[in-house]
Each structure stands twice: as C-alpha cells, then as structure tokens.
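Each chain, written out:
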Amino acid sequence: MDFTLLSSPLQGFTDFRFRNAQNKYFGGIDTFYSPYIRLNGKLVIKSSYERDLLPENNSELEVIPQVITNDAEEFLFVAKYVRELGYKELNWNLGCPYPMVTKSGMGSGLISNTEKINHILERAHSETDIIVSMKMRLGYDTTEEILDVLPILDKYPIKNIAIHARIGKQLYKGGVHLDAFQQCIDNTKHKLYYNGDITSVAKFHEMQQRFPSIDHWMIGRGLISDPFLPSMIKNNSSEYPKDKMELFSAFHDTLYEGYSESLSGQTHILLKMHHLWEYFSVIFSNPHKVHKNIKKSKSIKNYEATVKEIIAKEK
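Criteria and thresholds
- Residues numbered from 1 in each chain as written.
- Predicted model: local features only at pLDDT ≥ 70, side-chain atom pairs only at ≥ 80, totals over all residues.
- Heavy atoms only, no water.
- 1 Å grid on protein atoms, 1.4 Å probe; cavity = no way out; pocket = protein on both sides within 12 Å on 5 of 7 lines; lining within 4 Å.
- Points joined across faces, edges and corners; volume = space filled by probe spheres on them.
- Helix = DSSP H or I, 4+ residues; strand = E, 2+ residues; numbered from the N terminus.
- Expected span 1.5 Å × (residues − 1).
- Buried < 20%, exposed > 50% of the residue type's maximum accessible area, 1.4 Å probe, protein only.
- Arc of directions from axis to C-beta.
- Contact = heavy atoms within 4.5 Å.
- Pairing = 2+ DSSP bridges.
- Salt bridge = Lys/Arg side-chain N within 4 Å of Asp/Glu carboxyl O.
- Polar contact = N/O pair within 3.5 Å; in protein donor to acceptor, adjacent residues only side chain to side chain.
- Axes fitted to C-alpha atoms, helices over the stretch in contact; angles between N-to-C directions.

Engineer: Explain the layout of surface pockets to me, using residue names and the numbers behind them.
Structural biologist: Gaps left between atoms are located by rolling a probe of water-molecule size over the structure's atoms. As a volume, the largest pocket reaches approximately 590 Å³. Contributing to the lining of the largest pocket are 24 residues, with Gln-11, Gly-12, Asp-15, Ser-48 and Tyr-49 lying nearest its centre. When residues of the lining of the largest pocket are traced back to their parent elements, those giving at least two are helix H1 (16-25), helix H2 (47-53) and helix H11 (244-262). Top element by residues in the lining of the largest pocket is H2. It accounts for 5 residues.

This is the structure in structure tokens:
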C-alpha cells in the first residue's frame, strides 16, 4: 500500500533550518507542517514566523503552515497572510498539550468547546478560500471529547484530520490510545492521519497492521530523535546507512552553522543545541552518556570539541 509520511510540527525544533537540513541529508518526509503561528490577541505576524514561512526559505519542501487560536478574527487574519505568501492550506492546531496553551483555551484545551470550534470553522469556510486541515488530540481530559467534535467537523469540507492518539493532559507521557483512535475512524467521514509514537520501522509496521485504512502517517518527536527514520521506513529497512555518522555530522554542522548565524550570543546557541541533543543522543550507542557530555559543555569551543569527540567515538 502506498503511504505518505508527514512531519508533525514541534515548537522550537522543526523550523525551516531543521526542515531543510533533514530533507537534504536524509529525506523521506513528503510534507512538513510548520510550527504554529500564535498571535496572542494582536493581529501582527512576528518576524520569526515570517522567516519560517517565506517561500525562499522553503523552496525545496512542501510545507503547510499552522495556526493555534481560539478566535475567528485571528484565524481569518492568519489565513489571509499565508494566502498572500502563496499557501493554499492552513492547518488548525487543536493538539498542543502544553499548560500555558491549554489554560488559555487553545490547542487540546479547545477540544471540549464544540460551539467555538463550529463558529471558527463556519467563518473560515464562508469568509476565506483557504483549505482547512486539523491537527488534534483525542481530547484534553478524556479520549471521548473528540467524539463530540467529529459530527461538527463532518459539516465542513476539511481536507484531513491528523490525530495524535493521546489526550492533552498526558503531554507526551504514557501510551497512545489505539482503541480510541479506531473509534475516530469509525465515527467520521473525514480522512484521518495517524500521529503518535512512530519511533522505529518496526513500530511503523505495527501501526500499519493495526490501522490498514490509514495511508498518511505523521512523525513528530521520532523525526528529531532519528532523522534517518523516514527514509528507513520508505526503504523498508531497519539498517542505518554505512556512512551514518558522516551524514549525521554534516546534518549537525549545517544546523549548528544556521543557528550560530541567526541566534545572538553563545548562551542562546548552546541552549538551542543542548535541546536538540536531548533528542539526537537517542541514535548513539550510549545515549545517556552522550547527552550528559553535551550538557557539560558550557562554551562554544567546548561544545564543538565534545561533538567532534562523540562522533569520532561512534564511528
């Protein structure tokens, strides 16, 4: 069965620099979703969002912008903005689990508010020509919450609904709720994409067998932890390429160079790279030690030497 792999956006990680580097050195992702635009009540697009979506920064990629909001005016404003940049689709985030988002009634904190969801979709479809797609969780408190939303979504020509098979208050802890995801398949006419815990080729096959009707698969944290994963899934192989560390090293250096140019001061650069290594360390033979050594590097010079040493040892 043919299938499509998508990159689920992760705030602070999957910006255009990461997307381009992952695509250049590893490939395998058909479509990238950009991290969400959040307006916070002001109808102004921050320059960081603008940079992330500029067509010239995404020329080799298929990218779909994303918005997080609980306000129709904000949704319409972002829809108009991305249309002007040449994008035809806007993905609406009802999945983010972080408390600072959900407490404001956004992300997965909005799923139980069916009235507001209906209002925003009604205006989006009557006042713009943007194609709307959704990114959701099963709910915030319970997996049943989404079942009240699906009949509302069925009223609109939504392109697809990507569902991360957890509830918001789980954050990323605990297992995915596969029976609840099956209930969604059984209770909507819309095309569903699956998201959640695709962290290996074996795990991907397991999900494929569990949900034979699904042909769009989203990889989130698994992509940052293992940028080789999409191409391995596409090649149906659990074997890493022979030049694994050379490829990773080139990928790392491209990212590091990009962030060194765009972030001011070594503290910001190191913080960015330390966060990335929380994920990157997974593909090394001693993840805990690798991550520990990276965290100990407190200067640029020290960081560069540590990375060099880690990669040389792994080779």
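Moving on, there is more to tell.
Engineer: With reference to specific residues and values, describe helix H5 (residues 114-127).
Structural biologist: With 14 residues, H5 ought to run about 20 Å at 1.5 Å a step, and its terminal C-alpha atoms sit 20 Å apart, in line with that. Among all positions of H5, only Ile-117, Ile-120, Leu-121, Arg-123 and Ala-124 are buried. On an axial view of H5, the arc spanned by its buried residues comes to 165°, and they lie on one face. Of the surrounding elements, those touching the buried residues of H5 are helix H3 (72-84), strand E5 (89-94), strand E6 (131-139) and helix H6 (145-153).

Engineer: Can you lay out the pairing of E6 for me, pointing to particular residues and giving the numbers?
Structural biologist: Counting buried residues in E6 gives 8 out of 9 residues, a clear majority hidden from the surface. Relative to E6, E5 is paired through 6 bridges, and the arrangement is parallel. Counterpart to Leu-94 in the pairing with E6 is Met-136. Pairing of E6 with strand E7 (residues 161-167) involves 5 bridges; the strand directions are parallel. Pairing of Met-136 across the sheet is with Ile-163, part of E7.

Engineer: With reference to specific residues and values, describe unusual backbone geometry.
Structural biologist: For Asn-40, which is not glycine, the phi dihedral falls at a positive 55°. As for its position among the elements, Asn-40 is in the loop between strand E2 (31-33) and H2. Overall, Asn-40 belongs to the exposed group, its relative accessible area being 55%.

Engineer: Could you give me a rundown of the pattern of salt bridges, with the residues and numbers involved?
Structural biologist: Oppositely charged side chains may form a pair once their charged atoms are brought near each other. Enumeration over the complete set of coordinates arrives at 14 salt bridges. Glu-84 is the partner of Lys-80 in a salt bridge, and the nearest nitrogen-oxygen pair spans 3.0 Å. With Lys-80 and Glu-84 both in helix H3, this residue pair falls 4 residues apart, about one helical turn. Asp-197 is paired through a salt bridge with Arg-221; the nearest N and O atoms lie 3.4 Å apart. A residue pair is termed long-range when its members are at least 10 positions apart, and Asp-197 in the loop between strand E8 (192-195) and helix H8 (201-210) and Arg-221 in helix H9 (residues 221-225) qualify at 24 residues. A residue is classified by how much of its surface remains accessible, and Asp-197, at 21% relative accessible area, is partly exposed. When salt bridges that share partners are traced, they join Glu-73, Arg-123 and Glu-127 into one network.

Engineer: Which residues make up the side chain of Asn-160, and what values do they have?
Structural biologist: With respect to the helices and strands, the residue Asn-160 is situated in the loop between H6 and E7. A polar contact of 3.4 Å, which involves the side chain of Asn-160, links it to the side chain of Tyr-193. Apart from the residues within four sequence positions on either side, Asn-160 is in contact with Tyr-33, Glu-89, Ser-133, Met-134, Lys-191 and Tyr-193.

Engineer: Explain the sheet that holds E2 residue by residue, including any values.
Structural biologist: Spatial ordering of the open sheet is given by E3-E2-E1-E9-E8-E7-E6-E5-E4, a layout of 9 strands whose pairing is parallel. Only two strands of the sheet have a single partner each, and these edge strands are strand E3 (63-64) and strand E4 (66-67). Of the strand pairs in this sheet, strand E1 (residues 4-7) and E2 are connected by 2 bridges, and their pairing is parallel. Its bridge partner lying in E2, Ser-7 is registered against Phe-32. Strand contacts of H3: E4, E5 and E6, with the helix running at about 145° to E5, the strand carrying the most contacts.

Function-wise, these values are silent; they only describe arrangement.
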